[in-house]
Amino acid sequence: MDKVILNRIELLGKIGVLEEEKRTAQRYWISIAIEADLRTAGQTDRLDETIDYGRVFEIAETLMGTSDCDLIESYAERLAGQILSTFRKANSVTIEVLKPDAPIEGSFDSVGIEITRTRND
């Protein structure tokens, strides 16, 4: 299956359980892979035959800016739902949400989650 990929979008948001996380915006790295048949887009060279990654970025950014989630799992679930409902060509979507500045003592690159949702879920 073909994929449209947005790799490591950096967004600021206030997702978290702790009061400090709700008060101060933190960095999140979002990666999105959308499975869809892109053959017609390749043959016709038409934007309306593919998944517009600019629009996907806007959806992720808007959702992050308005998110009232405690968990990054909730953000990812909402994002997956919006992508699948916006793009009828999307068969499934995999979303990775990484939190590089998580409030954990210790040395790490990031913590995060990955979910995959299909149109049939």
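Before reading further, recall that the structure is shown in the block above.
Treat the numbers as computed from the prediction; the structure is a model and nothing was measured.

Caption draft 1: The arrangement of the pattern of salt bridges in detail. For the structure on display, the rule yields 10 salt bridges. Here aspartate 70 and lysine 22 are joined by a salt bridge, their closest N and O atoms 2.8 Å apart. Taken as a pair, aspartate 70 in the loop between α3 (53–66) and α4 (72–86) and lysine 22 in helix α1 (residues 19–23) lie far apart in primary sequence, 48 residues in all. A relative accessible area of 26% places lysine 22 in the partly exposed class. Aspartate 48 is the partner of arginine 46 in a salt bridge, and the nearest nitrogen-oxygen pair spans 2.4 Å. You can call arginine 46 partly exposed: its relative accessible area is 44%. Among the residues examined, aspartate 48 registers a relative accessible area of 48% and is labelled partly exposed.

Caption draft 2: Broad picture of unusual backbone geometry. Phi at arginine 8 takes a positive value of approximately 55°, unusual for a residue other than glycine. With respect to the secondary-structure elements, arginine 8 resides in strand β1 (residues 3–13). Phi at aspartate 45 is positive, roughly 60°, even though this residue is not glycine. Residue placement: aspartate 45 occurs in the loop between α2 (39–44) and α3.

Caption draft 3: Structural view of the environment of aspartate 109. Within the secondary structure, aspartate 109 is located in the loop between β3 (92–99) and β4 (111–118). Separated by 11 residues in the primary sequence, aspartate 109 and leucine 98 have C-alpha atoms spaced 9.2 Å apart. If sequence neighbours within four positions are ignored, aspartate 109 has contacts with Arg8, Trp29 and Pro100. A distance of 3.5 Å separates a polar atom in the side chain of aspartate 109 from a polar atom in the side chain of serine 110.

Caption draft 4: Structural view of the sheet that holds β1. If you trace the four strands from one edge of the open sheet to the other, you get β1-β2-β3-β4, paired in antiparallel fashion. Two strands bound the open sheet, and with one partner strand each, they are β1 and β4. Within this sheet the neighbouring strands show an average axis-to-axis angle of 15°, counted without direction. Strands in contact with α3 are β1 and β2 (26–35); relative to β1, the strand with the most contacts, it is inclined by about 30°.

How each quantity is defined
Residues numbered from 1 in each chain as written. Predicted model: local features only at pLDDT ≥ 70, side-chain atom pairs only at ≥ 80, totals over all residues. Heavy atoms only, no water. Salt bridge = Lys/Arg side-chain N within 4 Å of Asp/Glu carboxyl O. Helix = DSSP H or I, 4+ residues; strand = E, 2+ residues; numbered from the N terminus. Buried < 20%, exposed > 50% of the residue type's maximum accessible area, 1.4 Å probe, protein only. Contact = heavy atoms within 4.5 Å. Polar contact = N/O pair within 3.5 Å; in protein donor to acceptor, adjacent residues only side chain to side chain. Pairing = 2+ DSSP bridges. Axes fitted to C-alpha atoms, helices over the stretch in contact; angles between N-to-C directions.

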